[in-house]
Every structure is written in structure tokens, then in C-alpha cells.
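Coordinate analysis (summary)
Given next are the chains, with one letter for each unit.
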Amino acid sequence: MAKKKRSYWSTTLRLLGIILAIWAGVSLGLSIILAPLLNHIMMGGYPLGFWFAQQGSIYLFIILIFVYAKLMGRIDRKFDVHEESEKKPSRNRR
Amino acid sequence: MSLQVATYIAVGLSFLLYLGIAVWSRAKSTSDFYVAGASVGPVVNGMATAADWMSAASFISMAGMISNMGYGGSVFLMGWTGGFVLLAMLLAPYLRKFGKFTVSQFIRDRFYSKTAAAVAVLCLLVASITYIIGQMTGVGVAFSRFLGVSNDVGIYIGMAIVFAYAVFGGMKGITYTQVAQYCVMTFAYVIPAIFIAFYLTGNPIPQLGLGANLRGENIALLTRLDQVVTDLGFKEYTTALPGSMLNMVLFTLTLMIGTAGLPHVIMRFFTVPNVAAARRSAGWTLVFIAVLYTTAPAVGAMAKYNLHKTVTPGIEQNIGVFEPEASLVGEERPDWMKRWEKTGLLHWEDKNNDGRIQYYNDASSDEEFLANAQAAGWQGNELSVNADIIVLANPEIALLPFWVIALVAAGGIAAALSTAAGLLMAISSAISHDLIKGIFAPKISEKSELLTGKISMAVSIIVAGWLGLNPPGFAAGTVALAFGIAASSLFPALMMGVFFVKMNKEGVIAGMLAGLSVTLFYVFAHKGLFFIQGTQYTHLIGGPNSFFGITPEAIGAVGAMVNFAVAFIVKRFTKNPPEHIQALVESVRSPRGAKAVKGAH
């Protein structure tokens, strides 16, 4: 039981690590640190670094949260710690 | 129909809507009052959270700040949205699973310590109160500019409206009014943006228009804007940095971490029915925020281009900016400029008495530009423009009909009221639930607690109104401070509570105090002790921004790192938390068994 709990948590942490790495890579990396380089590339009328900073990163944040919610739900079910029903939360007490 | 009448009708109708919701959604239990019965769906909660989050500053000032700062304005766009990723993954689902009414209650139970809870309540109150001063002044400003009443009358009206739904409806009333307020403010923001994008680029979608060519020309809007602003001695729009690159990174991080740690936002995730809903709801929140936040940069850039084109018509006729006829003749300036000059947000002073308006950067670092300006007989920038103009006057600059302007008025007021109500909820629940029930009178019945909650709410509204009427001199700098405090104290404490089983009360208390002290020390050095003018002590720390060139607004991220570091060092030398706390952390981590939120201990 304890082993299963540990492996649920380490799977969770791995997912969080990957998502946070993308999160930081795009918002701090592409949008700020690498922006001067990316600005040489034009995407339509947008310099690319500028686009990431003022548009792209926001869209990416939304995608990241929904991907996280989806994958986390999958991990919950795999380790059998998911909520019984979406609509009717369990009344079990610890 | 005159503009004034149209505005009264738009604002009046929106108020009727809020009051109708107030009557419909009265709170009958403490659960209704604190967490809206924990029965709000993820999409509805996302919309309410978006309204809660987007303040008068987001609505009125942000596009203007982006317009002034250009690329540097991205710190607000990324900081105020990226924080929701942290919130969604590191805090919201776990605190929802914990299943209590307030943020400090988690600290209190997880760190088995009233002292830790007291420190958290203190940080929460300071962050929320500094934040609400800005909102109340925002309410006053919105009313006075749009309805022509005085600032004070505006604040009284705002207090009365919030009173009606927050005192009787608590979180339940606030939630459903926030949904209505979200619709009003977004509609009011996006409609003028669509008009201006279509007018400038022929593409009605602002997010695409910003990346499109100017209408009828073979050059991109942003490329042209870069040329125009550099011709006038300003920094290039698409690359202008606020200070150093390191500062921009830390400023963005501070706003992100601060966003995730602000109690009035975290609290909204206690209103959803379960853990899975809390995760998804953060995504919906960001969808609704993004509608406005991806429009803002388009409004900022387009309004800036329009403004330069109006004041320096030469840039469109392809005559050099230094030719006399390139500048606008003062007497021929459009009516909207004259109208906004009366409010003091726009000011023209004919320094060289040539009867024309020269609007340029007289503090440019380009020597050649300054020499040319002098040779052309320019004696300094003649037009001062307040950042708020960009949104407030945008419909007029783009020559839109009256009803659009009236709509912007209703939107600005909705933005200020919705955030004020959310903050009042955080403050009053900290007082009634954490202080009165938690520390002074643990035995009170549910019914008396509900009454206590309503009384704390009423008192909080009066205090907030008073602060709005008599804003302490430091009001301008306070919102930035709220983010610094939330980032350096609350966020690390909450996160360590979930992610580090072995973190103990000694560590977390020391960490919060250390993070807070570092942040306050650096901010006070620049802005004065408790913001009292004349008590700045930058000379003691080696001049302004002496710490790696970091500005005081960006120091919160450093405070957060100090918080983590101190907490781990102290933890090493103190006892592990008791067994039952480690079991509590385990249970918080597992979604199964999330129950209806209960306040009882």
C-alpha cells in the first residue's frame, strides 16, 4: 500500500516537473531570454519572440493546465485514487 | 441621446442586474457564506475567478501600461496569467481536497500551530488590504470619470452595491454577481478592440490584427509602429526592456508566484465540488482571462499608433518628423483631446510657441535625434499622456458611437466592483473564521458564526470605503507590494505544506518571516518606511536597484527563494512534524474522498 502511494506520488511529481519545465522554458526562456534571437524570425507581422511574450505564452498556459488536468485524471485512475463520481463527491471521512 | 444619458442607462442596467442577483442568492449557512455551498461548476467558477482576478487596473490601466512599455509590458501579461499554471498544479487541487473554508486554516492544521496561522493571517490581511485600497480608489475613479459624480460619491455608491450582495449573499452572492460582471467587462473591452483592429488592419480579430499589415499598405502594423516610435526618439516598441533582462525575468516570476499565492484567488477554488473540478476550473479561469489579456496588447499597440498618427500626421504623409508641418496644429486637435484635457489625463503645453504639438521623447539616449530636435526648434515634449487614456478614450479615438463609450463605463465599474468584493470576502473570512472562530471563540454556533461573518463583511466594507476616501499617500505603489508579499510569504508556505511531508512548523514560520522581511526591507528602502515619504534609505543599501539591478517590484521572487532556503535550513535543526500530520499530508495528496467543504475543526 505504502509502495503504491509512493509510486503514485513520484508519477505525479514527474508530470509536474515536465509541465513546469515547459512552462518556464516558454515564458522565461523563449519569451524573454531568447526573445532577441527569435525576433529575427517573423510570423506574419509578429516578431516571434514578441509574439511568444504577448500572445503565445498565454495560449500555452491554457493548454498546459488542461493537459495537466487530463493526464492527472488518468494517473488517478491508474493508481485507483480517483474520486468515485464527478457529480456526487464521496462522504467518506478519513 | 447624449453620452451622459447613455452612460447612466448602461451603468444603471448593470446595477439592477447585480441587485437582482443579490436578492436571488442569499446565504443560508456558513458553507453558503464562505464557499457558496461548494457546488459551483468548474466553468462558472472559472468565469467568476476571472472577474475576481481582473481588477480596475487590468481593465483600465493594463493596455495603457503595455502601450507605454511596449515589449516590456509583457511582464504583466505573462505574470498575471502564468501564475494560474502554478495554482492549478501546486495548490488548488490539494487545498480543495483539504476541504476547509480558508487559506490560513490549511496553514494552521498542516503546521499544527496557531502561531503559523497568525503569521499567515497577518500576511493575508496585509496583502488583501493593500490590494483593496487600489480597488476602492479605482471604483471612485471609474464613477467620477464616467458618471461625472465626485470621487467620494462614487465610492459611496460602490460600497452600497457591494454591501447589498456581499453581506447578504457572502461567497454565493459574490460568485454569481462576478459571473455577470465578467460578461459586462469582457463585452465592453472586446467590442472597441474589434472596431479599432478592423479600422487599422481590416482584420476584425484583435489578436490577428496585431500581426497583420496596415490596411491598404504593404507593411506590418508592428514594423510600422517600430519605425514611428524610433523616429520620435522612443525605444523600439517590440524590443523595449524594463531595466535588465534579469530584472524582467524576476519581475515576471514575482507576478506569477504572487498570483498563485493571493488568497482571494485561491479561495475561489474552495467553491467547486471536487478535486478534478478544481484542476479543470483553473484552466477555464485562464480561458476567460485570456479573452481580455490577449486583446490588451492589440489595444495597446493600435491605440499607440493611432495616437502618434493623430498628433504627428507627418508620419502618414511621409514627410520627415522634423519638418514643421509634420506636427499637428494645436487649434485643430480633435474634440476628444480637448475633452480629456479637462480631466488632467492629457495635457498640452506649447513650449516653443509654434502653435503645433510636438510629441516625442525628449529624454532619448540617441544624441543625433536630440540634436535634430533642437535644430528643428523643439523645446521639449509638449504632450503628456496618462496611461489610462488608452482604454478610456479608445472608443473616441477610433470614432465609435456613444453606446460603446457607455459600455466601457459599465465595464470599468464592473471590473473594480468584482475584485473589491472578492478581496472583502478574503478579509472578512480571515476575521470571522480564522481569528474569531479559530482563536478567540472556538465554541460559537453555526448561526452565530454566520452572523459574525456578515458583520465582519459589513465592517470590512466600511473600512475599505474609508481607505478609499482617505487613501494613504502610498496608494499607487501598493498593488505591486501585495504581489511581493503573496509571493514571498504565502505561496512558499502553502506549497511546502503539500509537497514536503517533513516540513515542520518552525521551518515554515521562520521561512515566512524571512521572506517577508527581505521583501519589505528592499521595498521600503526604495519607497520609504511604510511608504512614508522621506524615509527612503537606498543610500544604506548602495543606491537604488543596487541588488543586481533589481527593481523593488521584482524582489518578491527573491523573497520567495529566501523563504524556501530559510525554511529548509531551520527544518534540519528542529523536530519532524508528528505522525498524524504526515498522514494528513498523505490524505491531501490523494483525490479520493474529497468531501463537501466543512468549516468545523
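Residues numbered from 1 in each chain as written. Chains lettered and ligands numbered in written order. Predicted model: local features only at pLDDT ≥ 70, side-chain atom pairs only at ≥ 80, totals over all residues.

Topic: the overall build of chain B
Here is the rule we go by: The way it works is that DSSP assigns letters per residue, a run of H or I at least four long becomes a helix, a run of E at least two long becomes a strand, and they are numbered from the N terminus. We take the radius of gyration over the C-alpha atoms and set the globule estimate at 2.2 Å times the residue count to the 0.38 power. For the purpose of contact definition, each residue receives a C-beta atom placed from its backbone, and two residues are in contact when these atoms lie within 7 Å.
For chain B, the count of helices and strands is 24 helices and four strands. The C-alpha radius of gyration of chain B comes to 25 Å, within 12% of the 25 Å expected for a compact globule of 601 residues. Pairs at least 24 apart in sequence give 82% of the contacts found in chain B among residues at least 6 apart.

Describing the overall build of chain A
Note the following rule: Exposure classification rests on a simple neighbour count of other C-beta atoms within 10 Å of a residue's own: a residue reaching 20 or more is buried, one at 12 or fewer is exposed, and one in between is partly exposed. C-beta atoms are placed from the backbone.
The helix and strand tally for chain A stands at three helices and two strands. When each of the 94 residues of chain A is scored for burial, the buried share is 34%. Across chain A, the fraction of contacts at a sequence separation of at least 24, relative to all contacts at a separation of at least 6, is 40%.

Regarding the interface of chain B and chain A
Taken together, the contacts link 48 residues of chain B with 42 residues of chain A. For the side of chain B that touches chain A, the secondary structure elements donating two or more residues are helix H5 (74-98), helix H10 (221-231), helix H11 (245-261), helix H13 (275-293) and helix H24 (579-589) of chain B. Sorting elements by how many residues they give to the side of chain B that touches chain A places H13(B) first, with ten residues.

Describing the domain arrangement of chain B
How big an interface is tends to be stated in terms of the accessible area lost upon association of its parts. Residues and elements named next belong to chain B. Heads up, the condition is: Start and end points for every domain follow an automatic or database-based domain assignment. Each residue receives one of three labels: charged for Asp, Glu, Lys and Arg, nonpolar for Ala, Val, Leu, Ile, Met, Phe, Trp, Tyr, Cys and Pro, and polar for the others, Gly being one of them.
Each assigned domain of chain B is listed here: domain 1 (27-301 + 399-589) and domain 2 (320-397). Relative placement of domain 1 and domain 2: their C-alpha centres are 35 Å apart. Facing the 21 residues of domain 1 at the interface are 16 residues of domain 2. At eight residues, helix H4 (residues 56-69) tops the list of elements feeding residues into the side of domain 1 that touches domain 2. A per-class count over the side of domain 1 that touches domain 2 returns 13 nonpolar, six polar and two charged.

A short note on helix H1 (residues 3-24) of chain B
Residues and elements named next belong to chain B. The criterion, for reference: For a helix, the expected span equals 1.5 Å multiplied by the number of residues minus one. Along the arc lie the directions from the helix axis toward the C-beta atoms.
With 22 residues, H1 should cover 32 Å at 1.5 Å per step; its first-to-last C-alpha distance of 32 Å lies within 8% of that length. Thr 7, Ala 10, Val 11, Ser 14, Tyr 18, Ile 21 and Ala 22 are the residues of H1 that are buried. Buried residues of H1, seen end-on, are gathered within an arc of 120° and therefore sit on one face of the element. Away from the buried face of H1 by more than 90 degrees, exposed residues Val 5, Gly 12, Leu 13, Leu 16, Val 23 and Trp 24 are located. Buried positions along H1 lie against helix H7 (114-147), helix H8 (151-201) and helix H19 (402-440).

Structural notes on the packing of H19(B) against helix H20 (residues 446-469) of chain B
Axes are the key here: two packed helices are described by the angle between their axes and the distance separating the axes. All names here are of chain B. Note the cut-off: Only the stretch in contact is used when a helix axis is fitted, and all axes are lines through C-alpha atoms; the angle between N-to-C directions ranges over 0 to 180 degrees. Comment on the angle field: the value is read as roughly parallel under 35 degrees, roughly antiparallel over 145, roughly perpendicular from 65 to 115, and oblique elsewhere. In this scheme, a crossing is called left-handed if the near helix is turned counterclockwise away from the far one by less than a right angle; it is called right-handed if the turn is clockwise.
Between H19 and H20, the shortest axis-to-axis distance is 8 Å and the interhelical angle comes to 130°. Taken as axis vectors, H19 and H20 run oblique relative to one another. Both H19 and H20 take part in a crossing whose hand is right-handed. Mapping the contact onto sequence places Ala 420, Leu 424, Ile 427, Ser 428, Ser 429, Ile 431, Ser 432, Ile 436 and Lys 437 in H19 and Glu 449, Thr 452, Gly 453, Ser 456, Met 457, Ser 460, Ile 461 and Ala 464 in H20. For the contact of H19 with H20, a count of residues per class yields eight nonpolar, seven polar and two charged.

Observations regarding helix H3 (residues 48-78) of chain A
All names here are of chain A. The following threshold applies: Throughout, the bend at a residue refers to the angle made by two axes, fitted to the seven residues ending there and to the seven starting there.
For H3, built from 31 residues, the straight-helix expectation of 45 Å at 1.5 Å per residue is missed by more than 12%, its first-to-last C-alpha distance being only 40 Å. Along H3, the helix axis deviates most sharply at Gly 56, where the bend reaches about 50°. Count one or two residues on from H3 and you reach Asp 80, which has phi positive near 55°.

What to know about the confidence of the model for chain B
Short version of the rule: Looking at any residue, its pLDDT shows the predictor's confidence there, from 0 to 100.
In the predicted model, chain B carries a mean pLDDT of 85, and 96% of its residues have values of at least 70. Predicted complex metrics record ipTM = 0.89 and pTM = 0.89.

So, the environment of Pro206(B)
All names here are of chain B. Positionally, Pro 206 belongs in helix H9 (residues 206-209). In sequence terms Pro 206 and Phe 195 are eleven residues apart; their C-alpha atoms lie 8.8 Å from each other. Residues contacting Pro 206, with those up to four places away along its chain left out, are Ala 193, Ile 194, Ala 197, Thr 295, Ala 298 and Val 299.

What to know about the packing of H7(B) against H8(B)
Residue and element names in this part refer to chain B. Interhelical geometry of H7 versus H8 gives an angle of 115° and a closest axis separation of 7 Å. For the element pair H7 / H8, the angle class is roughly perpendicular. Between H7 and H8 lies a crossing of right-handed hand. Between H7 and H8, the residues in contact are Met 136, Val 139, Gly 140, Val 141, Phe 143 and Ser 144 and Asn 151, Gly 154, Ile 155, Ile 157 and Gly 158, respectively.

Focus: the nonpolar core
Test applied: Remark: nonpolar core denotes a set of buried Ala, Val, Leu, Ile, Met, Phe, Trp, Tyr and Cys residues whose joining runs through C-beta atoms within 7 Å.
In this structure, Ile65(A), Ala420(B) and Leu424(B) are the most contacted members of the largest nonpolar core, which totals 232 residues. Non-local contacts of Leu424(B), meaning those with residues more than four positions away in its chain, are made with Val162(B), Ala166(B), Met457(B), Ser460(B), Ile461(B) and Ala464(B).

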